[in-house]
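Coordinate inspection notes
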Amino acid sequence: QEKVQQSPESLIVPEGAMVSLNCSFSDSASQSIWWYQQHPGKGPKALISIFSNGNKKEGRLTVYLNRASLHVSLHIKDSQPSDSAVYLCAVRGSALGRLHFGAGTQLIVIP
Amino acid sequence: AQTIHQWPVAEIKAVGSPLSLGCTIKGKSSPNLYWYWQATGGTLQQLFYSITVGQVESVVQLNLSASRPKDDQFILSTEKLLLSHSGFYLCAWSLRTGVYEQYFGPGTRLTVL
């Protein structure tokens, strides 16, 4: 069973700060890794994914994957109050349709 | 554009009573479908997935069952609710091949008393 651990549990930053979220996973055969954003009482929404070692940039988001250390991080540049949400790391397993979620990081951006 | 609808929005039920939650996806043919459960403050947990009508795979045993009676419909049910069934139930869909991004519905909040 894939284990997905996220840190920190929560983060409070001022508007404009760079935010860094971490995620470690246990299965080196994992396929892609996804970051989802979830607002209270809503379904998660996919933000960005990565499959290969290295980094990927989309707008204010950059994700880094290191398969050797089983670690992925998400960085949000110039954070905004609207970025306040729970960020979920999800690892796609090798079994069909399986997606394993971490417990999430609660981000609060103060105006 | 694809839309995903879940019903009901929220439900308050008694322990031991039956439950049926539904999900429909419009604008996408033959999607993969998924049910997830999230306890309050807990981790999102995959319960079931289906790749075609009439076929459902169970991922986690929580005394729940799922069915896919139509290509665009996914049903989650139980004959007897437990207190531990309380939480947030989410339906999701993905393409059969390619990127495998999962698109989530708005969810159903279930409270079992």
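Residues numbered from 1 in each chain as written. Chains lettered and ligands numbered in written order. Predicted model: local features only at pLDDT ≥ 70, side-chain atom pairs only at ≥ 80, totals over all residues. Heavy atoms only, no water.

Re the pairing of strand β9 (residues 87-94) of chain B
Residue and element names in this part refer to chain B. Cut-off, in case you're wondering: Throughout, exposure labels follow a simple rule: accessible area from a 1.4 Å probe, protein chains only, divided by the maximum for the residue type, with under 20% read as buried, over 50% as exposed, and the rest as partly exposed. Helix numbering and strand numbering both begin at the N terminus, where a helix is a DSSP run of H or I of at least 4 residues and a strand a DSSP run of E of at least 2. The criterion for strand pairing is that DSSP finds at least two bridges linking the strands in question.
Judged by how many residues are buried, β9 sits mostly within the fold: 8 of 8 residues are covered. Bridge count for strand β4 (residues 32-38) against β9 is 7 bridges, and the pairing is antiparallel. In the strand pairing of β9, tryptophan 37 is matched with tyrosine 89. Across 3 bridges, β9 lies against strand β11 (residues 108-112) in antiparallel orientation. If you follow phenylalanine 88 over to β11, its bridge partner there is arginine 109. Looking at chain direction, β9 and strand β10 (residues 103-104) are connected through 2 bridges and run antiparallel. Within β10, the position partnered with tryptophan 93 by the bridge is tyrosine 103.

Some remarks on the nonpolar core
Note the threshold: Within this scheme, the nonpolar core is defined by two criteria: the residues are buried Ala, Val, Leu, Ile, Met, Phe, Trp, Tyr or Cys, and they are joined through side-chain atoms within 4.5 Å. What makes two residues a contact is simply this: any of their non-hydrogen atoms within 4.5 Å.
If you look at the biggest cluster of nonpolar residues, it comprises 24 residues, and the most contacted ones within it are Ile33(A), Trp35(A), Val72(A), Leu74(A) and Tyr87(A). Elements with a minimum of two residues in this core: β3 (19-25), β4 (33-38), β5 (45-50), β7 (61-66), β8 (71-76), β9 (85-92) and β11 (105-110) of chain A. Contacts of Tyr87(A), omitting those with residues within four sequence positions, involve Gln6(A), Leu21(A), Trp35(A), Tyr36(A), Gln37(A), Leu47(A), Leu74(A), Ile76(A), Gly104(A), Thr105(A) and Leu107(A). If you look at the next biggest cluster of nonpolar residues, it comprises 19 residues, including Leu21(B), Trp37(B), Leu64(B) and Leu81(B).

The quantities given are spatial measurements derived from coordinates; they are silent on function.
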